[in-house]
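# Survey of secondary and tertiary structure
Each chain, written out:
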Amino acid sequence: MEHIEAQAAAQAGGQDRLRRAWTGMLEDADRIADGITAVLLAKGPAGGGWSTPELQALLRRSTREHVGRGLRILAGRADDDGGTARAVDVWRDTGIERARQGVPLEAVLSAYTTGNLLLWEAMTDRVRDGRAEITAEELVTAGRRLWHDLGVQSEVMSEAYRRETARRELRDLRRQENYLAGLLEGRAADPEFAAQAEQILGIRADAPVACVVAVVEDPHSEPLHHPEDRVERMGGTSRWGVRDGALYGVVAMQGADEAWLSDLLRPAVDGRVGVALARQGMADTAAAFRLAARAAATLPVGARRLVWASARLPELLVETSPEVGSMIVEQVLAPVLALPAHQRTTLLDTLRALLRHSGSPTAAAEELFCHRNTVIYRSRRLVELTGCSPQEPRGRLLLELAVLAHDLAVSGGRSAPAG
């Protein structure tokens with residue numbers, strides 16, 4: 001019993017000596033804090049995360065506050081500034097502030113680690129100089145206390161930092177989506193909106209952009225996998241959102257052409273994707289989004305392909321005016337479509353081959369693996385039924401449009417909303 005009491009008394013005595021040693025350091029708190037700041041800034045303002053004079057002044061002031069508060073707590077004088085509970089609040093507030101100021105989390109953690117290390121070194125110097133009367137074991141105890149506190153500080157501050165970062169990213173994402181929706185709705189014609197969109201989206205208002213629309217066929221699938229990552233890796237800028245069953249986005253072209261963007265996005269395509277260029281920048285985005293959506297709609301349901309509106313002009317004409325497309329099919333192809341299935345399929349396949357080869361029966365026969373005279377016979381039959389000849393410009397145009405309209409209707413393509 002006496003041994004236990006003696007041990008407790010020794011521990012109490014050691015704790016009292018440590019508190020006196022920490023109290024003695026209070027008079028040097030600002031000097032120690034400035035030394036910590038100097039060490040942090042010596043790593044390089046950019047590398048250490050304190051990249052501006054304002055942030056460097058903030059670091060100096062914050063370090064003084066943290067060192068002073070920490071020494072008072074270690075000295076047993078926590079009541080001077082609200083105690084340990086308030087210190088935890090300070091660590092949490094620091095994490096939130098640093099996230100808002102854009103200081104990297106690594107730089108903040110480095111500041112805490114460096115601060116605690118230099119505090120312990122300052123205590124070691126006082127013991128070595130005889131200004132603090134504590135034993136070597138008690139000095140080790142002081143170090144353990146500092147590293148324990150560092151763990152708590154880092155955990156509290158990091159959690160607050162990450163939560164604030166997540167909140168800010170969500171807020172920024174929502175703002176970006178709101179301005180993307182404005183581009184879809186044609187609001188970029190307003191110079192004030194365009195200027196705000198330029199700031200929020202990080203894309204020049206007057207620079208050409210590609211407008212992309214990917215039709216979401218299945219809510220559990222992605223028609224375009226992580227396009228922002230692919231664009232960013234190539235040094236580009238893009239912003240994306242989801243609306244009315246479609247993934248849509250703007251991509252800053254930065255002098256790149258259609259082939260460059262096609263090659264960039266094609267490996268990510270897993271659905272129907274349409275692209276159109278807004279040559280005048282944001283002012284043209286509403287029209288470009290509509291064209292991109294219609295280009296995607298000209299592809300058959302279930303297709304996994306990227307197409308530019310500029311390469312689908314005939315299809316766009318038919319898709320944009322379905323009434324006209326239906327009329328052309330009725331007037332041109334109705335007699336063919338009324339035939340028995342086998343005859344209908346044979347004549348339509350022959351017509352498509354003739355159209356692909358500018359009406360040449362020889363080239364069409366080679367594609368269809370049949371005799372040239374067979375194609376000539378079928379061609380005459382098509383002229384009889386449709387009243388149009390694949391060898392005549394107007395007839396070929398009507399036949400092209402009729403086949404396009406028919407194939408679009410059969411494929412089940414539908415427009416993707418955009419604006």
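Computed from a prediction, not measured in an experiment: that's the story for all the values here. (Residues numbered from 1 in each chain as written. Predicted model: local features only at pLDDT ≥ 70, side-chain atom pairs only at ≥ 80, totals over all residues. Heavy atoms only, no water.)

### Concerning the overall build of the protein
On a plain count of helices and strands, the protein comes out with 16 helices and five strands. Computed over the C-alpha atoms, the radius of gyration of the protein is 36 Å, more than 25% above the 22 Å expected from 2.2 N^0.38 for a compact globule of 419 residues. Of all intrachain contacts in the protein linking residues separated by at least 6 positions in sequence, the fraction that spans at least 24 positions is 70%. A total accessible area of about 22,100 Å² is found for the protein, and carbon and sulfur atoms account for 52% of it. (Helix = DSSP H or I, 4+ residues; strand = E, 2+ residues; numbered from the N terminus. Rg over C-alpha atoms; globule rule 2.2 N^0.38 Å. Contact = heavy atoms within 4.5 Å. Areas by Shrake-Rupley, 256 points an atom, 1.4 Å probe, with all protein chains shown as cover.)

### Quick word on the layout of surface pockets
Approximately 500 Å³ is the volume found for the largest pocket. Around the largest pocket, the lining comprises 29 residues; the ones closest to its centre are His66, Trp91, Tyr112, Asn116 and Gln153. Listed by contribution, the elements that provide at least two residues to the lining of the largest pocket are helix H2 (29–42), helix H3 (53–74), helix H4 (83–101), helix H5 (105–129) and helix H6 (136–184). For the lining of the largest pocket, the element with the highest residue contribution is H3, accounting for nine residues. Split by residue class, the lining of the largest pocket holds 16 nonpolar, nine polar and four charged. (1 Å grid on protein atoms, 1.4 Å probe; cavity = no way out; pocket = protein on both sides within 12 Å on 5 of 7 lines; lining within 4 Å. Points joined across faces, edges and corners; volume = space filled by probe spheres on them. Nonpolar A, V, L, I, M, F, W, Y, C, P; charged D, E, K, R; others polar.)

### Here's the deal with the packing of aromatic side chains
A complete count under the given rule lists two aromatic pairs for this structure. Arranged with centres 5.9 Å apart and planes meeting at 90°, the rings of tyrosine 248 and phenylalanine 289 form a pair that is edge-to-face. Here phenylalanine 289 lies in helix H10 (residues 285–297) and tyrosine 248 lies in strand E3 (residues 246–252), a separation of 41 residues in the sequence. Considered together, tyrosine 248 and phenylalanine 289 belong to a single accessibility category, that of buried residues. (Phe/Tyr/Trp six-rings, centres within 6.5 Å; stacked < 30°, edge-to-face > 60°. Buried < 20%, exposed > 50% of the residue type's maximum accessible area, 1.4 Å probe, protein only.)

### Digging into the nonpolar core
Among soluble globular proteins, nonpolar side chains are generally buried collectively. By size, the foremost hydrophobic cluster in this structure holds 42 residues, and its most contacted members are Trp22, Met25, Trp50, Val67, Leu71, Leu119 and Met123. Of all elements in the fold, only helix H1 (2–25), H2, H3, H4, H5 and H6 reach the threshold of two or more residues within this core. If one sorts the elements of this core by residue count, H5 sits on top with nine residues. With sequence-adjacent residues up to four places away left out, leucine 119 is seen in contact with Trp22, Met25, Ile32, Val67, Leu71 and Leu146. In terms of nonpolar packing, the next biggest core, distinct from the first, is built from 33 residues, Ala252, Ala276, Ala288 and Val307 among them. (Core = buried A, V, L, I, M, F, W, Y, C linked by side-chain atoms within 4.5 Å.)

### Details of the domain arrangement of the protein
By the assigned domains, the protein splits into domain 1 (1–168), domain 2 (192–313) and domain 3 (321–412). Here the C-alpha centre of domain 2 lies 51 Å away from the C-alpha centre of domain 1. (Domains from an automatic or database assignment.)

### So, the UniProt feature "domain: PucR C-terminal helix-turn-helix" (unreviewed entry) in the protein
When the UniProt feature table is mapped to this numbering, "domain: PucR C-terminal helix-turn-helix" (unreviewed entry) covers residues 347–405. With 78% helix and 0% strand, residues 347–405 has its two end C-alpha atoms placed 16 Å apart. (UniProt positions renumbered as here; feature names shortened; annotations may be inferred.)

### A closer look at the pattern of salt bridges
For the structure shown, the criterion picks out 27 salt bridges. Aspartate 172 is the salt-bridge partner of arginine 171, the closest N and O atoms lying 3.5 Å from each other. Accessibility expressed as a relative area gives 32% for aspartate 172, which makes it partly exposed. Among the ionic pairs, arginine 352 bridges to aspartate 407, the shortest N-O distance being 2.8 Å. In this pair, arginine 352 sits in helix H13 (residues 341–356) while aspartate 407 sits in helix H16 (residues 393–411), placing the two residues 55 residues apart along the sequence. Residue aspartate 407 is classed as partly exposed on the basis of its relative accessible area, which comes to 27%. (Salt bridge = Lys/Arg side-chain N within 4 Å of Asp/Glu carboxyl O.)

### What about the environment of threonine 374?
Note on placement: threonine 374 falls in helix H15 (residues 372–386). A relative accessible area of 29% means that threonine 374 is categorised as partly exposed. Taking C-alpha positions, threonine 374 is 9.8 Å from threonine 350, a pair spaced 24 residues apart along the chain.

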